[in-house]
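Given next are the chains, with one letter for each unit.
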Amino acid sequence: IELAYILLSFSGVASKHIYFEHHHINKAVPDKPTTMLNSKMLHPSGAKPTVHESVRAPACGFVVRAHCKRVPGRHRVTGLRSSSNDDNQATTQPALQVAEQPAGEAHAQQPSISNHGMSIEIPFEEPDRMEKFWTRARLAFALPWRRFKKGSVLTIKLEGELPDAARSWLDRGPGSSVPQLCQALQKAALDPRISGVAIEFGPLAAGYGKLMEVRRYLTHFRQSGKFSIAFMKQGGEKEYYLASACEEVYAPPTASISLRGFAVGGTFLRGVLDKVGVEPQVQRYGKYKSAGDQLLRSEMSEAQEEQLQALLDDVYQNFVSTVAQARGKTEEDVKDLLDAGFYDAKKLAEGGWLDGLKYEDEILEDLKKRTAPNSGQDAKPEKPLRKVGLKKYGKVNPKAFGLNRGKKRVVVLRTAGAIVGRASGSGSVITPDALIPQLRALAQRKDVVGVVLRVDSPGGDAPASD
């Protein structure tokens with residue numbers, strides 16, 4: 001069986017799709033949490049701000065000033081909390097990862113840019129008859145632990161962090177990684193055994209860069225013509241942004257969905273340091289290097305406000321245009337939704353932002369009807385539900401769908417974590433000892449024609465970076 005599988009794999013037609021092949025190197029460093037004392041919040045441009053002051057810091061007893069710009073209906077002023085990097089939450093995960101893509105596919109998959117240049121779509125190309133034949137032939141010889149019933153639903157639970165590097169078998173933490181999700185959706189779009197995807201959304205702790213990437217692959221899957229269902233018990237803008245990529249979005253009547261807009265903030269400790277007689281001394285280069293401002297200043301600098309406002313406006317405009325297009329609304333409708341600050345799932349359903357209010361058991365019954373051999377409105381639900389989880393589906397070989405073809409490769413090198421000279425402790429880091437040998441090895445490979453270096457990092461040591 002193995003020999004037949006190998007022969008069938010090598011005899012397939014060259015693919016026009018991307019395939020990620022992951023290799024892990026685990027390095028670690030301890031986390032360093034910080035505490036917010038003084039904050040300034042920025043909000044999307046276009047509304048008249050007001051200023052709120054006097055926020056007490058319970059950790060030390062000092063009264064400090066919070067310089068907050070308030071936009072009615074599009075933000076909230078938060079109290080004191082622990083600061084963190086949205087895209088770089090510390091976790092035990094592979095710090096370096098290699099993904100390979102056939103060089104010819106860079107021309108075969110030319111992305112199209114939609115509104116405001118923010119949403120880059122990955123077009124879906126229907127396989128021809130020959131490609132479908134080889135796919136069925138390869139799946140017929142699939143290993144037992146990679147098999148499941150035809151007409152199954154790919155079930156995914158999205159919550160927590162979304163690491164940029166795939167999780168290894170040593171990492172038993174919850175959640176999924178960006179490459180794991182993207183590859184699964186890409187395979188499922190071509191897999192004749194998959195009839196659709198059902199995603200349950202929980203609170204997400206990932207940045208919008210990662211969310212945009214996953215959303216593009218959700219749109220890619222939807223283009224295959226298979227159904228896609230999103231189910232939300234609770235969430236905010238991030239969760240709804242991803243859910244809106246699905247064909248249908250449902251929530252229970254008691255769902256907690258908060259769509260109140262966007263805000264970014266900075267923390268400033270100079271006032272507290274002056275009270276205790278501490279004078280900070282910070283070396284920096286350039287006015288936009290604002291990390292030292294936390295200690296040097298008591299309010300946000302114009303340069304920092306400029307760059308944060310630009311990022312905030314980009315995220316806000318992308319959310320508005322993308323959700324409007326996905327839900328068949330105008331951009332003004334989305335802005336009015338954020339201004340209203342809805343919490344009531346019933347109002348969201350009445351406004352067309354949800355496709356209905358259903359409990360989890362109702363969603364399961366609906367899926368059973370859709371996956372029944374004689375599917376339709378009057379179909380008898382099948383028990384149990386034909387489904388395959390993300391973990392099991394990750395074991396399905398992409399070669400079964402003609403992915404990872406071509407003699408030349410473009411390697412995607414994934415790095416995640418703080419940049420340090422040497423790894424120690426727990427958590428993800430980027431070190432010269434781990435990254436440089438990988439780059440040198442890739443330079444020696446004759447089948448590699450290019451490298452894309454992905455960096456998911458809050459920064460770190462300058463000599464190590466150099």
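A quick note: this is a predicted structure, and the numbers were derived from the prediction, not measured.

Undergrad: When you look at the pairing of strand β14 (residues 227–232) in this model, what are you seeing that I'm missing?
TA: Each regular strand shows side chains that alternate between the opposite faces of the sheet. In terms of burial, β14 is a largely internal element, six of the six residues being buried. In β14, alternate side chains face the same way, and those of Phe227, Ile229 and Phe231 on one face and Ser228, Ala230 and Met232 on the other are all buried. Direction of pairing for strand β13 (residues 194–204) relative to β14: parallel, over a ladder of six bridges. By the bridge assignment for β14, Ala198 is matched with Ile229. In this fold, β13 hands off to helix α5 (residues 208–222), which returns the chain to β14; that crossover is right-handed. One ladder, built from three bridges, connects β14 with strand β16 (residues 248–251); its direction is parallel. Pairing of Ala230 across the sheet is with Val249, part of β16.

Undergrad: What should I look at first to understand the nonpolar core in this one?
TA: General note: in soluble globular proteins, nonpolar side chains tend to be found buried as a group. One finds Ile156, Leu158 and Tyr393 to be the most contacted residues of the largest nonpolar core, which totals 68 residues. In this structure Tyr393 touches Phe148, Leu154, Ala184, Lys187, Ala188, Asp191, Ile194, Val388 and Phe401, once residues within four positions along its chain are discounted.

Undergrad: Is there a simple way to explain the sheet that holds β16 in this structure?
TA: With parallel pairing, six strands are arranged side by side in an open sheet as β19-β16-β14-β13-β12-β20. With partners counted over all chains shown, the strands left at the sheet margins are β19 (356–357) and β20 (387–389), one partner each. Bridge analysis of β16 against β19 gives two bridges, and the strand direction is parallel. Its bridge partner lying in β19, Tyr250 is registered against Gly356. Relative to the sheet, helix α4 (residues 178–190) contacts β12 (152–160) and β13, its axis offset from that of β12 by approximately 160°. Packing of α5 onto the sheet brings it into contact with β13 and β14, and relative to β13 it is tilted by some 160°.

The rules we used
Residues numbered from 1 in each chain as written. Predicted model: local features only at pLDDT ≥ 70, side-chain atom pairs only at ≥ 80, totals over all residues. Heavy atoms only, no water. Buried < 20%, exposed > 50% of the residue type's maximum accessible area, 1.4 Å probe, protein only. Helix = DSSP H or I, 4+ residues; strand = E, 2+ residues; numbered from the N terminus. Pairing = 2+ DSSP bridges. Right-handed = clockwise from strand over helix to strand, strands pointing away. Core = buried A, V, L, I, M, F, W, Y, C linked by side-chain atoms within 4.5 Å. Contact = heavy atoms within 4.5 Å. Axes fitted to C-alpha atoms, helices over the stretch in contact; angles between N-to-C directions.

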